[in-house]
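# Structural description and commentary
These are the residues of each chain, in order.
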Number of protein chains: 2
Amino acid sequence: MIKAAVMGYGTIGSGVAEILDQNRDVIAKQAGQEVELQYVLDLREFPDSPVADKIIHDFKVIEEDPEIRIVVETMGGLTPAYPFVKACLLAGKHVVTSNKALVAAHGTELLRIAKEKNVNFLFEASVGGGIPVIRPLYRCLMGERIQEITGILNGTTNYILTKMDREGESFENALKEAQNLGYAERNPEADVEGHDTCRKIAILTAMATGKEVDYQDIYTEGITRITDIDFKYAEKLGTSVKLFGTSRMKDGKVTAFVAPVMIDKSNPLYSVSDVFNGIMIKGNMLGTSMFYGSGAGKLPTASAVVADIIEAAQNLTSHVELGWSDEKQSIEPMDQASFRYFVRIAGSYRNKEQDVKQAFGKVEVFELYGMDEFAVLTQEMKEGEFKAAAAAFDEKEQANSDFGIKQMIRAAL
Amino acid sequence: MIKAAVMGYGTIGSGVAEILDQNRDVIAKQAGQEVELQYVLDLREFPDSPVADKIIHDFKVIEEDPEIRIVVETMGGLTPAYPFVKACLLAGKHVVTSNKALVAAHGTELLRIAKEKNVNFLFEASVGGGIPVIRPLYRCLMGERIQEITGILNGTTNYILTKMDREGESFENALKEAQNLGYAERNPEADVEGHDTCRKIAILTAMATGKEVDYQDIYTEGITRITDIDFKYAEKLGTSVKLFGTSRMKDGKVTAFVAPVMIDKSNPLYSVSDVFNGIMIKGNMLGTSMFYGSGAGKLPTASAVVADIIEAAQNLTSHVELGWSDEKQSIEPMDQASFRYFVRIAGSYRNKEQDVKQAFGKVEVFELYGMDEFAVLTQEMKEGEFKAAAAAFDEKEQANSDFGIKQMIRAAL
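Every value quoted in this text rests on a predicted model; they were computed, and no experiment measured them. (Residues numbered from 1 in each chain as written. Chains lettered and ligands numbered in written order. Predicted model: local features only at pLDDT ≥ 70, side-chain atom pairs only at ≥ 80, totals over all residues.)

## Some details on the pairing of strand E14 (residues 363-366) of chain B
Residue and element names in this part refer to chain B. Of the pairings in the sheet, the one linking E14 to strand E15 (residues 373-378) comprises 4 bridges and is antiparallel in character. Note that in E15 the partner of Phe366 across the bridge is Ala375. If you look at the hairpin formed by E14 and E15, you'll find 6 residues sitting between the two strands, and Gly370 has a positive phi there, around 75 degrees. (Pairing = 2+ DSSP bridges. Helix = DSSP H or I, 4+ residues; strand = E, 2+ residues; numbered from the N terminus.)

This is the structure:
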C-alpha cells in the first residue's frame, strides 16, 4: 500500500479524494498496489466530509512522515504551494500538481530537484484539465519534431466566445452569464485577459522544446475587445473567433502568443465549443492531431491528477524523464509572427479603396448591411509589417478627419 | 546503440526507416541511445532505396542475430507475420507492429509470450494510425472506468461518407473516387464492409476491459447500403452518417458493434471528416474526451510505430503491462444494444400514420419534397424490440400489397 497526502481540499482536491475512493480497485490494479489517502491538509475543517478524520492543518506532519510517498498539491497559487511542494520534493516525496501557476513559475527548479532526488514531479492536470496532453507529449509523440501547438486552453473564455457566436450576445452579457453559471469568477481577469492561457501555453512550449520558457515573454491578449459586431462579420465569413494559445517551432526559433484568432470550419479546433478545451499538436511526421475534452471541472481535472498518482506509484524508485532543462528558450518578438488580419474600418470601402490597397495590398472586403464601416481580410504578413501598414493607414485617415481602424483580429484562414 | 530490424518494406515499413533516419537525434534523446536500423526483411530488392544494403530475404538472419533487440513488423496479414512475430518474441526480442489483423487474431497469445519472455509487444499503430489511442488507454486514463469507446476508425469509409454528405454523391461514385485517389483498394471489401473497423474496435475493447475479445463476436455492418437519399434526409435533420466502431461497458457487460450511425453536431465525432479518424473515450470520472488525427498514411502511422520503438528502447529489460489477459470477454447480443432508429418507409405518412404509430410508438416524421416515401425517427429502444416492431410493420404493409421499410440507420441523437 502506498500512502498519499492531498494539500488543499477545494474543488480538485476533493475530486481526487472521491476518485481514489470510488475507483479504488482500478487504481490499485494499475498502480500495482492500493493507494491510501492518509492526510488532507487544509486550513478549514470538513466535519461532514468523507475525509473528516484525515484533515490536518500543519504541513510538517506531511513533510516529516516518511510513510507518505506521494503528495498531491491542489491548493493553487504560489504561496504556500511553492515552498510546500519544494519541501516535499527535497524530502524525497513524489509530487503531483494541478497548479499551472506553480509549474509556469517554478517548474524548472522543481523538475531539477525531482531529478536530483530521484522522485517524480508530475503536472498533467495543470494544462487542459482532464485532457491528456502533457503525458502524450512525453509518452506518445516522442519520435516527433513538434512544429506547432495550438490550444483552446481556457473553458471560461471559450464559453463566453461560444455564447457570443451562437446567440449574438455582447461580451459583457456573455461574461455575466458565465459568472452566474459559476464558469467565470467574480474577478474574471485571469481568464478573460488571457493570463491563464498564457501559463498553459508556456508549459506546453517548454515540454515541446525541452527548455525553460518564461511565460512573461509570451505576447498575451485576451478577449475583452471582441464584440458582437465582430461575430456578425464572422458569421458572414463562415468563421468563428477562438482564444488561442499558440507556439510555433521552426529551426530552433519559437514564436508564441495568446490572442483571439479567427478560424473556419477546416480547423480542427473550430468545433471545440462551450467550456470544452482542445489542443492541436503538429509534428513533422504525424501531421496534425488533436486532443479534446473537459478542460476544467472537478472530476475531469482530478482524473488527470489520479493518472499522475498512478504514474508516480509505478515509478516509486525512478525518475521519469519529462519536462525541460534549465536552458532558456528565447521567444521571438511578436512582430516576427505571421498572420492574416481581419480589420474593421470606419466609413465606406468605396471611399477608402485606394488607401486600403495602398496600405495593406490585396485584401478581401466584407460589408454588413446598414453599417457605416467595412472589413477587410489581408494576405498573410508579419505582425511588424501589419503594424506599420496600419499606422500609415490611420495617419492618412486622421488627415482626412475620419476615423480609421476600429478592430483587428488575427486570422488563420 | 540499439539495433532494430524492420519486416516488410511497404508503405509503413519504409516510413519507419525514413523517420528513424530523419528524426534520429530526437529519437536518440528519447530512447536514451541511438536506434540503428540493421536489417530490412522483404521478398523484393530495393536497389535505389536508402536501405538497399540492409535488405535481407531470410527471416532466420533476424531471429538468430542476438544483437537485434527490437523487431518492427509492418508486413500486414497473418502469414508469415504471425509465425515471424511469435518467433521473435520467443527469441527474447521486443516486437512492435502496425498489424491490426495480427493483434486482433493473436494478440492474447503474443502478449502472454511477451510477458513470459520479459519483453514488450506494442501495437499503437494498429488502431487509429498516427493518433495516440492505445498508449493513452494504458498511460493516461489508468484511473478511469472506461464506459464507452466510439471511433471513426477507417479513413476510407469516412472519406466516402464525407463525399456523399458534402457533394450528394452515390456510394458507388464516391467509392470510385476514393479508389482513384488511392484511398480505397481495388477490392474495398475490408473497408466498406466494416471488417477493418471491427478488428480495431475489438482491440480497443480488449484494452479497455483487460480481457480477450473475439472480433467475430462483434456485430459488423458496413456502409454499402447507405445511399444519397439517406444523406438528403440527413441534411434536412442537420445530421450526418458516420461508420462507428463502438463498445459500451456497464456493470461488466459489454455491447459492441460496427455500423453506420446518424449523429448531429453535438457529437464530438461529427466534425471528423475525410480520411481523418477520431476516437471518443468516455470514462466515469473524466467524461468524454476525443483524440483526432491522421488515421492512416505512411508517415503518421510510421510515427506511431516509432513511438513504440522508443517505448521498447526505454524498457529493454522490463515488460510494460498493457493489453489484456487470457480471460474471454463475452459480448452481449446485438439485440440488447439500444439506439434510436432512422427509418425510411415507402408511401405517404398520411396513409400509414396509424400503422407507424402502432409499430414504433412515438416518432418524429420527415418528408422530402416530391418523394413517394417518408422517414421517421423512433425513440430509443433495444435492437431486439425494434426488429420485432419492424417485422410486424412490414407484415402489415405486405397485407396492404405495399412496400414497407426501405432503410434503417441507427441514430445517436
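Still to come is the rest of the account.
## Considerations on the interface of chain B and chain A
On the side of chain A, 37 residues touch chain B, which itself brings 37 residues to the contact. Elements supplying a minimum of two residues to the side of chain B that touches chain A: helix H2 (24-31), helix H6 (134-139), strand E12 (287-294) and helix H12 (298-314) of chain B. The element that contributes the greatest number of residues to the side of chain B that touches chain A is E12(B), accounting for 8 residues. For the side of chain B that touches chain A, the residue count by class is 21 nonpolar, 12 polar and 4 charged. In this structure, strand E12 (residues 287-294) of chain A lies alongside E12(B), joined through 3 bridges in antiparallel fashion. Across the sheet, A:Met290 pairs through a bridge with B:Tyr292, a residue of E12(B). (Contact = placed C-beta atoms within 7 Å. Nonpolar A, V, L, I, M, F, W, Y, C, P; charged D, E, K, R; others polar.)

## Here we look at the sheet that holds strand E3 (residues 55-56) of chain B
Residues and elements named next belong to chain B. Read from one edge to the other, the open sheet built from 6 strands follows the order E3-E2-E1-E4-E5-E6, with strand pairing classed as parallel. At either margin of the open sheet sits one strand with a lone partner, and together these are E3 and strand E6 (121-122). Sheet analysis places strand E2 (residues 35-41) next to E3, joined by 2 bridges and oriented parallel. Each bridged residue has a counterpart across the sheet, and for Leu41 the counterpart in E3 is Ile56.

## Section: the relation of the copies chain B and chain A
Overlaying chain B with chain A gives an RMSD of 0.0 Å, the required rotation being 180 degrees about an axis along which the chain moves by 0.0 Å. The symmetry that links the two subunits is that of a two-fold axis. When C-alpha positions in chain B are compared against the rotation axis, the closest is assigned to B:Phe291, at 2.4 Å. Most of the interface of chain B is mirrored in chain A, where 100% of its interface residues are also at the interface. (Least-squares fit on C-alpha atoms with pLDDT ≥ 70 in both.)

## Some details on the environment of B:Cys140
By the secondary structure assignment, B:Cys140 is in the loop between H6 and strand E7 (146-152). When the C-alpha positions of B:Cys140 and B:Ile310 are compared, they lie 17 Å apart, and in sequence the two are 170 residues distant. Among all residues touching B:Cys140, those that are not within four sequence positions of it are A:Pro132, A:Arg135, A:Pro136 and A:Ala307.

## What about the domain arrangement of chain A?
Once the domains are mapped, chain A shows domain 1 (2-129 + 299-314), domain 2 (142-294) and domain 3 (335-412). With centres defined by C-alpha atoms, the gap from domain 1 of chain A to domain 3 of chain A works out at 51 Å. (Domains from an automatic or database assignment.)

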